[in-house]
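Observations on the model geometry
Read off the chains here:
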Amino acid sequence: MNDVTTNNAEENARMNGAGKMAQIIYFIYLAGLIIPVAHLVGVVMAYINKGDGAPWVETHFRYQIRSFWMLLLYFVVGSLLTFVGIGFLIILAAYIWFIVRCAKGLKLHAREEGIPDPATWLW
């Protein structure tokens, strides 16, 4: 009985830690708007913690990972199109999109709700 209680306590602590880590990753992503390498740190942390949390937290990790890769895609496309003159607008729109995604994620995380569709390309 004592082993079961210990295992449940460890499992709860691990899941709570994963939930807190998802919140921290959102803040790291927002810090990445000033310190670009922070985005890379955030996605690595999301990959490391994926699989450690409750199902609603797992949707946040998936959403964070997809947000990073989509931002990178938009940034590469925007960078290539800077020669045409529209690239800066694409990069600006991508950063605004990313901020909205982080804000939405933090809002849902504060309510302890999962992301309804973590695979979405929008917000």
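Residues numbered from 1 in each chain as written. Predicted model: local features only at pLDDT ≥ 70, side-chain atom pairs only at ≥ 80, totals over all residues. Heavy atoms only, no water.

Concerning the packing of aromatic side chains
The tally for this structure, following the rule as stated, stands at five aromatic pairs. Summarising the aromatic geometry, the rings of Tyr29 and Phe98 are spaced 5.2 Å apart at their centres and angled 50° between planes, so their arrangement reads as tilted. Here the residue Tyr29 occupies a position in helix H1 (residues 2-31), and Phe98 occupies one in helix H4 (residues 87-110), the gap between them amounting to 69 residues. A single burial state applies to Tyr29 and to Phe98, both of which are buried. Consider the rings of Trp97 and Phe98, whose centres lie 6.5 Å apart with planes at 40°: the pair is tilted. Phe98 shares its class with Trp97; the two are buried. Connected via pairs of aromatic rings, a cluster forms that spans Tyr29, Tyr74, Trp97, Phe98 and Trp121. (Phe/Tyr/Trp six-rings, centres within 6.5 Å; stacked < 30°, edge-to-face > 60°. Helix = DSSP H or I, 4+ residues; strand = E, 2+ residues; numbered from the N terminus. Buried < 20%, exposed > 50% of the residue type's maximum accessible area, 1.4 Å probe, protein only.)

What about the environment of Leu89?
Relative to the helices and strands, Leu89 is located in helix H4. When its relative accessible area of 56% is taken as the criterion, Leu89 is described as exposed. The spacing of Leu89 and Gly78 is 11 residues in sequence and 7.6 Å in space, taken between C-alpha atoms.

No statement about biological role is implied by the geometric values presented.
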